[in-house]
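# Examining the three-dimensional arrangement
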Amino acid sequence: MSDILIVDDERDIRELVADILQDEGYTTRLAGNSDDCMKEVQAEQPALMVLDIWLKDSDMDGIDILKTVKRDYPDVPIVIISGHGNIEIAVAAIKQGAYDFIEKPFNIDQLLVVIRRAMETSRLRRENSALRRKEDGPTEMVGSSSAIKVMKSNLDKVTKSNGRVMLTGPAGSGKDVAARYIHTNSNRANAPFITVSAASIEPERMEEVLFGRISEAKGVEMGLLEQADGGVLYFDEISDMPTVTQSKILRVLVDQKFQRVGGGDLVNVDIRVISSTNKDLEAEIEAGNFRQELYHRLNVVPIAVPSLEERREDIPEIAQFFIESFNKDQGLPLRALSDEAHALLQTMHWPGNVRQLKNVIERALILGKDSGPIEVNELPQQDEAAPDEGRVILSGSLATLPLREAREMFEREYLMTQINRFGGNISRTAHFVGMERSALHRKLKSLNVVTTAKAGGRVAHVDEVEQD
């Protein structure tokens, strides 16, 4: 970024400065009065400004322009030049945020030194700001199941566009990872990725956090919208946003501009919006909790993120990914999962989805052995083991049934669990449970178990119509 705006009412001087800077490889824009200056700044934020204090035929002098630009664009360095300079003007300019003050007639070498330093300072400030703003997080979509392949295919289709994406799925399923995947593979990958966690922001502070504010005490405080300029703004669980704020966000989506709290000027932004929810937003609209217009603005491209139970065959791969990540980031032991541990993880109930699996793996690595495979006894047991080895505690409902009905219920639940574990693959299920494929098909039919397509894979369930 090397775009320099030169503002001086003397045409010869501004063109001379422009020629010198262009010879040094900078691009320049010129303005001869305050109106032209502000139009140029609002059209595109410059990397640096060279600004004369005294401007003929202008509504604003250099100090007024300095105040306005530093208020609205605090990261733009401004070098003040003036042929009427004195110590008071220099001090006033520096106090208002000028990078430096140079008196006319200026030495060209001196001007270039100041501009190079100002540009370098600006570059470092932008990089540091970007590092602070850009949230690091996993962007890799781990898994090879049909469900994850369908989702990745849909994500890849939207990465190169600016269309708004609505990610739906249960809590902990990885909607934030999907959002970062879009950002990382888009043409905005080097720009900020800013998350708005609506549930964690106090409703009364939501507008300040989003739009920023202006106060005499602190001047300009940038909000998340402004921090995301040029990049992606991710609304995590958008349904938790207050309804009053929803209407203002709707206006931002339409105009790509907003007002800071306490300010009167419009701030232009260029942002791509991705949102997520684990709720049925159409039901929330019916209940009066979510604005229908905002829903339609956000839900341009809906993409479903499958739950972990819809892609059980990915569990070993995801678990190994977490093991390697914890080893790299925290120095925890680099261990593998035993076959029995794989089987247990694939048959467990996962209400917390991928997030819950991550916690289970981390706990096993922290509390378990330093080497060797992770065994079943190092993982949480969802069905309590009985004191005598080889026995399990029967659930209350199963224990009250006659043997034939209990056996049928067990076989049904067992086989559905195994089918779901293997992503609906009957051949792999038959091999694991030790049955011929044809015999398994007959058994499933007798138990009224069928498989249907869901989230790109096949899921086993009871055929309620047949059972009735």
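Provided above is the structure to which this section pertains.
Below is a short write-up of the structure. Keep in mind that what you see is a predicted model, and the values were worked out from it rather than measured.

### Focus: the overall build of the protein
Per the secondary structure count, the protein includes 20 helices and 16 strands. In the protein, the share of contacts with a sequence separation of at least 24, taken over all contacts with a separation of at least 6, comes to 69%. Accessible surface, the protein as shown: approximately 24,200 Å² in total, 47% of it carbon and sulfur.

### With respect to the sheet that holds strand β2 (residues 27–31)
Taken together, the 5 strands give an open sheet; going across it, the order is β2-β1-β3-β4-β5, and neighbouring strands pair in parallel fashion. Pairing within the sheet leaves two strands with one partner each, and these edge strands are β2 and β5 (100–103). Within the sheet, the average angular offset between the axes of one strand and its neighbour, ignoring direction, is 20°. In the packing of helix α3 (residues 62–72) onto the sheet, contacts are made with β3 (48–52) and β4 (78–82), and the angle to β3 comes to roughly 160°.

### Some points on the sheet that holds strand β6 (residues 165–168)
If you walk across this open sheet you meet the 5 strands as β7-β10-β13-β6-β14, and the pairing is parallel. Strand pairing shows two members of the sheet lacking a second neighbour, β7 (193–197) and β14 (301–304), which therefore form its edges. When the angles between neighbouring strand axes are averaged without regard to direction, this sheet yields 20°. In this sheet, strand β13 (residues 272–277) lies alongside β6 in parallel orientation, the contact comprising 4 bridges. Bridging from a neighbouring strand, L167 pairs with S276 of β13.

### As for the pattern of salt bridges
Applying the stated criterion to the full structure yields 24 salt bridges. Of the charged contacts in the structure, one is a salt bridge between R251 and D255, with a shortest N-O distance of 3.5 Å. Separated by 4 residues within a single helix, R251 and D255 lie in helix α10 (residues 243–255), roughly one turn from each other. Residue R251 is classed as partly exposed on the basis of its relative accessible area, which comes to 47%. Here R312 and E309 are joined by a salt bridge, their closest N and O atoms 3.8 Å apart. Residue classification places E309 among the partly exposed positions, given a relative accessible area of 25%.

### Observations concerning the pairing of strand β10 (residues 232–236)
With 4 of its 5 residues buried, β10 lies for the most part within the structure. Sheet topology note: the β7/β10 ladder contains 5 bridges and is parallel. Note that in β10 the partner of I194 across the bridge is L233. Bridge count for β10 against β13 is 4 bridges, and the pairing is parallel. Residue Y234 lies in a different strand from β13, and its bridge partner there is I274.

About the thresholds
- Throughout this document, residue positions are counted from 1 along each chain, in the order its sequence is written.
- At least 70 in pLDDT is required for a residue's local features to be given in this predicted model, at least 80 for side-chain atom pairs to be given and counted, and no such filter applies to totals for whole chains, interfaces and linings, which use all residues.
- Note: side-chain values were computed over all heavy atoms of the structure, leaving out hydrogens and water.
- Helix numbering and strand numbering both begin at the N terminus, where a helix is a DSSP run of H or I of at least 4 residues and a strand a DSSP run of E of at least 2.
- Here, two residues are considered to be in contact whenever any of their heavy atoms come within 4.5 Å of each other.
- Here the accessible surface of atoms and residues is derived via Shrake-Rupley with a 1.4 Å probe, and residues count as covered only by protein chains that are part of the display.
- Between any two strands, at least two bridges found by DSSP are needed for them to pair.
- To obtain an axis, a line is fitted to C-alpha atoms, over the contacting stretch when the element is a helix, and the angle between two such axes runs from 0 to 180 degrees between their N-to-C directions.
- Throughout this description, the term salt bridge denotes a Lys or Arg side-chain nitrogen within 4 Å of a carboxyl oxygen of Asp or Glu.
- A 1.4 Å probe rolled over the protein chains alone gives each residue an accessible area, and that area as a share of the maximum for its type sets the label: buried under 20%, exposed over 50%, partly exposed in between.

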